[in-house]
Amino acid sequence: MDWIRDIVQFVGLSRLELGFWSFPILLGLIFLRAPIGLAMFLMGLLGWIFAMNGNATPILAKLKSETYTTFSNYSLTIIPMFLLMGQFATLSGMSTSLFKAAESFLGHRKGGVAMASVGACAGFGAICGSSLATAATMGRVALPELKRYGYSGGFSTATLAAGGTLGILIPPSVILVIYAIITEQNIAKLFLAAFVPGILAAMGYVLTISIYVRLFPGSAGTREAVPWPERWKALGETWPVLAIFALVVGGIYAGWFTPTEGAAVGAAGTGLVAWLGGNLSWRVLGEALIGTGKTTAMIFFIVFGAAQYNGFLALSGAPQWLADFVLSQGFTPILVLSVILLFYLVFGCVMDSLSMILLTVPIFFPVISGLDFGMSPEHVAIWFGILVLIVVEVGLITPPVGMNLFIINAMDRETRITETYKAVLFFVGSDIFRVILLVAFPAITLFLIP
């Protein structure tokens, strides 16, 4: 590859400069609609080639070893298990029972059906772990009911889009698993740290709905109260969800099994419930396995591309140089954290959460780890992970390119996307207030961590 060596000598860039230039070029490829996994893989491969002055031998050797190292990681097996668990839950009708139970208790209140939608999203997120899947599944269940009781189109779609974000915050969460693997943190502790912020998120959305329907009385209709016997009956039908969540999350914290084993138990339990309920036919089983396989392949390829790119960044020394530079400037830790969270908020509007985590955490985590927040390094890592997850979650519902907004709006052709934009800003405000609260009071996130 003499021509590459000639180009490197002509350009005259050092490894550090190559590392810094690679990031804007990578973002350009992403904005040009290149698949994120492929874009990171190509930038990592080209970065290694240029850093090695065109010597392909060590690059090919690394590519061979990196492929095996990445895909033989035992921790990654948790991802297809949680995805299969979500597939079984989606196809088995558990979402319907959750919504009916929440609606029976809250539906008669002002904005109650919308509140029930948020509650059902929180419950479904506890066995799904995917924001997009939660939004799409609950949208199919709750959107007809919201329309039936006179809820405006924009308010309905905004509520479901916001509620869907609970899928990646309330444990178990696929995104938290990826963050734990990247930063070498304890998955169970991250799940525990996300629990209270997840409850706060749901409560914040319910409060937002209460405020919205009072500011705009015509946006929500009313319905009759459900008799108490029917309420208890509807609640009793949600026992599979409660049992699976208690078994998986409780079993992990009790030490009965590891997070990976817990994911397998959850997938088997959800499949068993679907089978006993008569919802798991051979066709449904095939759909669940194929859907899990497709999503797993997508995630694994992104992880592989990120491994290649992050390996090049480590070789260039760019992340460490950035960390040293920030520390030498004397910026306050809160200022640095605020700038990073603002970055996530802006770019989260145009990128999906998984890509953002894999692309940026290897760059920003060394910076955060080098700052003194008055906590142990483990607590800082866990706290930062929850904050990043929440801010990325906000990006899923932030106009103009929030992915959840388009998923829900595609289910309601009668509602203009601009109406959804206007209503969802109230939920974005709730999320931003929650982020500020968690930054100011880290104990909210960490007080359950031993």
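This section reports on the structure supplied with the text. (Residues numbered from 1 in each chain as written. Predicted model: local features only at pLDDT ≥ 70, side-chain atom pairs only at ≥ 80, totals over all residues. Heavy atoms only, no water.)

Another point: the overall build of the protein chain. The helix and strand tally for the protein chain stands at 22 helices and 0 strands. The C-alpha atoms of the protein chain give a radius of gyration of 23 Å, which matches the 22 Å a tight globule of 450 residues would have. Here the C-alpha coordinates of the protein chain stretch approximately 80 × 50 × 45 Å along the principal axes. Each of the 450 residues in the protein chain was classed as buried or not, and the buried ones make up 55%. Here the contacts in the protein chain between residues at least 6 apart in sequence split such that 81% fall between residues at least 24 apart. Between the averaged position of the 22 positive side-chain charges in the protein chain and that of its 21 negative side-chain charges there is a distance of 8 Å. (Helix = DSSP H or I, 4+ residues; strand = E, 2+ residues; numbered from the N terminus. Rg over C-alpha atoms; globule rule 2.2 N^0.38 Å. Buried < 20%, exposed > 50% of the residue type's maximum accessible area, 1.4 Å probe, protein only. Contact = heavy atoms within 4.5 Å. Lys, Arg positive; Asp, Glu negative; His and termini not counted. Charge placed at Lys NZ, Arg CZ, Asp CG, Glu CD.)

To continue, consider unusual backbone geometry. Positive phi, normally seen in glycine, also occurs at Glu184, with a value near 60 degrees. Structurally, Glu184 can be placed in the loop between helix H10 (174-183) and helix H11 (187-215).

Moving on, we come to H10. Counting buried positions over the 10 residues of H10 gives 8, a clear majority of the element. Those residues of H10 not exposed but buried are Val174, Ile175, Leu176, Val177, Ile178, Tyr179, Ala180 and Thr183. At its buried positions, H10 is contacted by helix H5 (78-91), H11, helix H15 (282-316), helix H18 (353-369) and helix H19 (377-395).

Next up on the list: the side chain of Thr183. With respect to the helices and strands, the residue Thr183 is situated in helix H10. Judged by relative accessible area, which is 7%, Thr183 ranks as buried. With residues up to four places along the chain from it excluded, the contact list for Thr183 reads Val361 and Phe365.

Here a ring pair, both rings aromatic, is described through the centre-centre distance and the interplanar angle of the planes. All told, the structure shown has 17 aromatic pairs when counted by the stated rule. Between Trp321 and Phe325 the ring centres are 5.3 Å apart and the planes differ by 5 degrees, which places this aromatic pair in the stacked class. Within this pair, Trp321 and its partner Phe325 are both found in helix H16 (residues 318-329), separated by 4 residues, close to a single helical turn. A relative accessible area of 40% means that Trp321 is categorised as partly exposed. Judged by its relative accessible area of 35%, Phe325 falls in the partly exposed class. Its guanidinium or amino end placed over the ring of Trp228, Arg231 lies 4.3 Å from that ring's centre, counting from NZ or CZ. (Phe/Tyr/Trp six-rings, centres within 6.5 Å; stacked < 30°, edge-to-face > 60°. Lys NZ or Arg CZ within 6 Å of the ring centre and 35° of its normal.)

This part covers the nonpolar core. Membership of the largest hydrophobic core comes to 145 residues, with the highest contact counts inside it found for Ile79, Tyr344 and Phe384. Look past the residues within four positions of Tyr344 in its chain and what remains in contact with it is Met356, Thr360, Val361, Phe364, Phe384, Val388, Val391 and Val392. (Core = buried A, V, L, I, M, F, W, Y, C linked by side-chain atoms within 4.5 Å.)

What follows is about the packing of helix H7 (residues 112-128) against helix H8 (residues 131-148). At a minimum axis distance of 10 Å, the contact between H7 and H8 shows a crossing angle of 155 degrees. As far as their axial angle goes, H8 and H7 are roughly antiparallel. Here the hand of the crossing between H7 and H8 comes out right-handed. Residues Val113, Ala114, Ser117, Ala120, Cys121, Phe124, Gly125 and Cys128 of H7 touch H8, and the partners they reach there are Ala133, Thr134, Thr137, Met138, Ala142, Glu145 and Leu146. (Axes fitted to C-alpha atoms, helices over the stretch in contact; angles between N-to-C directions. Parallel < 35°, antiparallel > 145°, perpendicular 65-115°, else oblique. Left-handed = near helix turned anticlockwise from the far one by under 90°.)

Turning our attention to the environment of Ala162. Note that Ala162 resides in helix H9 (residues 153-164). In this structure Ala162 comes out as buried when scored by relative accessible area, which is 0%. Each residue touching Ala162, except ones within four places of it in the same chain, is listed here: Tyr205, Ile397 and Phe427.

Taken together, the side chains of Phe195, Ile199, Met203, Phe447 and Leu448 define a hydrophobic patch exposed on the protein surface, amounting to about 470 Å² of accessible area. Within the secondary structure layout, Phe195 lies in helix H11. (Patch = residues over 30% accessible without salt bridge, like charges linked within 9 Å, V, L, I, M, F, W, Y side chains within 5 Å. Areas by Shrake-Rupley, 256 points an atom, 1.4 Å probe, with all protein chains shown as cover. Salt bridge = Lys/Arg side-chain N within 4 Å of Asp/Glu carboxyl O.)

Attention now moves to the environment of Glu184. Given the relative accessible area of 72%, Glu184 is considered exposed. Each C-alpha atom of the pair Glu184 and Pro450 lies 17 Å from the other, and the pair is 266 residues apart in sequence.

Orientation of helix H6 (residues 94-106) relative to H8, taken along the N-to-C sense of each, is 40 degrees, at an axis distance of 9 Å. In terms of orientation, H6 and H8 fall into the oblique class. Between H6 and H8 lies a crossing of right-handed hand. Taken together, the residues of H8 that come into contact with H6 (itself represented by Ser95, Thr96, Phe99 and Glu103) are Thr137, Met138, Val141, Ala142 and Glu145. Of the residues belonging to the contact of H6 with H8, the class tally is 4 nonpolar, 3 polar and 2 charged. (Nonpolar A, V, L, I, M, F, W, Y, C, P; charged D, E, K, R; others polar.)

All told, the structure shown has 7 salt bridges when counted by the stated rule. Taking the shortest distance from any N to any O, the salt bridge between Asp431 and Arg434 comes out at 2.2 Å. Remark: Arg434 and Asp431 occur in helix H21 (residues 417-440); sequence separation between them is 3 residues, near one turn of the helix. Comparing Asp431 with Arg434 shows no difference in burial state: the two are buried.

Attention now moves to the side chain of Ser117. Mapped onto the elements of the fold, Ser117 is located in helix H7. By relative accessible area, Ser117 is classed as buried at 1%. Beyond its immediate stretch of four places on either side in the chain, Ser117 contacts Phe99, Ala142, Leu146 and Leu160.

You can see Phe300 is positioned in helix H15. Placed 152 residues apart in sequence, Phe300 and Arg148 show a C-alpha to C-alpha distance of 41 Å. In this view, Phe300 contacts Phe71, Leu76, Ile79 and Pro80; residues no more than four positions away in its chain are not counted.

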